[in-house]
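Analysis of the macromolecular model
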Amino acid sequence: MAQRTTRRMPCRFLLYAMGIGFGIGPLPYLANAPGCYHRREVAAIPMAVANTDTVGAFRDAYARVMTVAREGKRAVSEHIIQAVWYDQLFKTDALLTTEGQRVRVVSPGWWNHSEGPDFRGAQIAFGDTVRTGDIEVHLDHAAWRAHGHHLDPRYDNVLLVVVLEPKPPATLPLTSVGRPIPCLLLGNYVDESVYNLPDLAEPGNGEVDATLGRGYCAAIAQAQGVARIRDFTMLAGEWRMLNKARAIRERMERVGIDQGLYEAFMAACGYSRYKHHFRAMAQQLPYERVVQLAKVDAFLVEAAFFQLSGLLPDTLPEGTTAVPHFARMRALRRDHLSGLRSLPLTWKRVGVRPNNYPERRLSGAARFLARTSREGLWKALELVWRSNANVKARCAAFEELFPQAMGFWAEHCTWTGKRLAKPIATLGAARMHSIIGNVFLPAALAIARRERDRGLEEVALEFFAQMPKESENHVVARMLPRVFGDAPPKKVDFRLQQGLLQIYQDWCEPNPSCRNCPIIGHLDPDGIAGVRQGGQVK
């Protein structure tokens, strides 16, 4: 028999796994449903999985069990709270430290992904005095000492410790020299919806545990057929897309539709290595300014990005062949961007393919933004979403918005490098499809939920259900045999890939042995798939 667990299930599991225990019926409008204009009626039925191929609204039946999930400890990672701080997804008015001092966040700082404090160079106003220093983020007060920060001189410049706990600590955290550090209790200022935000770190940035092997789900697929596991994975994929839409909408509510969409687009252009750099640039150079620059000269957007990024040098090395495009960028900077300062960004290139260097990605992003500036970013996408086209034609229309393989950066990877054998698009087909699926699609869903537009959401779901798979991801490659064993689904599409990424993030990454995994009790309640011995499925 399958091993059971009595521990409380984390929030995200309740929100998508319990969906498999409900029948999915009509799509009524719910006047009192906050953040969602309609949900499918649900009624408890046996564990048969609902048909996921019917085109309709994205399923968020998970919201029906939200109150149950919130009775226990919220499943939220420290990375999510760092993202909340970085994007300022909390009530910024009337912030007080635990000592009652009024504080204002002038700048959240630069997200530090190496050793040391979580954010560098933050600017915090304590009363009327603005101070510059570091920020450390934790889930609870005990983490400061548990991590040894009180003994580490690298943390001596921390201005503020941001903690999710809503209650003050018994004593303030201390630096290695004994200086007390003010605390901000973020739990008192964050909106409840933040707890539903996904961990936006892209799976696959690091190495996947080579010991993942076959999971218990593979045994269930072998014993009961692939449909049950496939449908559960589809539910996870829809939940992942709903979370992405919620994250984009949260930002849109704060900074406007086009600005929020622009920031998400730029982060996607930066991919995993540079996404935070690109997002920081989008926040520094607002979308309204991008539109203004594009009206003057389409190449001004590129020049501004290169100036912000510090990737436009004053001169090229001696002996370099004259580069007309470099001269053009410098002239545009001189004539129109004299007041634009470079950001303190570091562009590490170790392990990055030359075709993915930031210069090429920035050029592609700039040209896309210039091409869509006349209508406005959301309006340009909305015209495609509202068109009377099938999924294939709609995808092709999105692709037409991206720049073709032409110009200096289509033939070079650096200012001084050799010309490529043939032109290559600055945003290639794989990156285009990723942006369409991970930005354009959740943005449409976010707008549909915001405007209670049922038709738009159904178009988005139809697109999601038929969108082809992305280029191979090593997380997905490992998860297919882990979840489905020797009988993977005949069709692996974008939605299935998204579901596998969500399941990996929620369950397989932290628990590769399947030990006490809550999914087992729901997918295999009678334990007919076999027994686990020594952490392996037998």
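Everything below is about the structure shown above.
Residues numbered from 1 in each chain as written. Predicted model: local features only at pLDDT ≥ 70, side-chain atom pairs only at ≥ 80, totals over all residues. Heavy atoms only, no water.

So, the nonpolar core
Judged by nonpolar contacts, the single largest core of 85 residues is most densely connected at Tyr 262, Phe 265, Met 266, Phe 305, Leu 369, Trp 415 and Phe 440. No other element matches helix H15 (residues 429–451), which puts 12 residues into this core. Apart from residues lying up to four places away in sequence, Trp 415 is in contact with Phe 306, Leu 311, Leu 312, Pro 313, Leu 316, Val 323, His 325, Phe 326, Met 329, Phe 408 and Trp 409. Grouped together as the second largest cluster of nonpolar side chains are 27 residues, Phe 126, Ile 135, Val 162 and Leu 164 included. (Core = buried A, V, L, I, M, F, W, Y, C linked by side-chain atoms within 4.5 Å. Buried < 20%, exposed > 50% of the residue type's maximum accessible area, 1.4 Å probe, protein only. Helix = DSSP H or I, 4+ residues; strand = E, 2+ residues; numbered from the N terminus. Contact = heavy atoms within 4.5 Å.)

Structural notes on the packing of aromatic side chains
This structure, assessed with the given rule, holds 23 aromatic pairs. Here the aromatic rings of Phe 278 and Trp 347 are separated by 6.0 Å at their centres, their planes lie at 75°, and the arrangement is edge-to-face. Residue Phe 278 is found in helix H7 (residues 257–284), and its partner Trp 347 is found in the loop between helix H10 (324–336) and helix H11 (358–371); the two are separated by 69 residues along the sequence. Side by side, Phe 278 and Trp 347 carry an identical accessibility label, which is buried. (Phe/Tyr/Trp six-rings, centres within 6.5 Å; stacked < 30°, edge-to-face > 60°.)

Some words on the pattern of salt bridges
All told, the structure shown has 18 salt bridges when counted by the stated rule. The partner of Arg 214 in a salt bridge is Asp 486, with the nearest N and O atoms 3.0 Å apart. Residue Arg 214 is located in the loop between strand S9 (183–185) and helix H5 (216–224), and its partner Asp 486 is located in the loop between helix H17 (474–484) and helix H18 (494–508); the two are separated by 272 residues in the primary sequence. Note that Asp 314 and Arg 333 form a salt bridge whose closest N and O atoms lie 3.1 Å from each other. With Asp 314 in the loop between helix H9 (298–309) and H10 and Arg 333 in helix H10, this pair connects stretches of sequence that are 19 residues apart. Looking at Asp 314, the relative accessible area reads 52%, which means it is exposed. (Salt bridge = Lys/Arg side-chain N within 4 Å of Asp/Glu carboxyl O.)

Some thoughts on the side chain of Gln 497
Relative to the helices and strands, Gln 497 resides in helix H18. Relative accessible area serves as the criterion here: at 3%, Gln 497 is assigned to the buried category. In this structure Gln 497 touches Lys 469, Glu 470, Ser 471, Val 476 and Val 492, once residues within four positions along its chain are discounted.

Some remarks on the pairing of strand S7 (residues 129–138)
Note that strand S6 (residues 119–126) and S7 share six bridges and pair antiparallel. Bridge pairing links Ala 125 to Val 130 in S7. Linking S6 back to S7 in an antiparallel pair, the connection comprises two residues, with Gly 127 at a positive phi of about 65°. Pairing analysis gives five bridges linking S7 to strand S8 (residues 158–163), with the strands arranged parallel. The residue bridging Ile 135 from the neighbouring strand is Leu 160, located in S8. (Pairing = 2+ DSSP bridges.)

Scope: geometric values only; no functional claims are made or implied.
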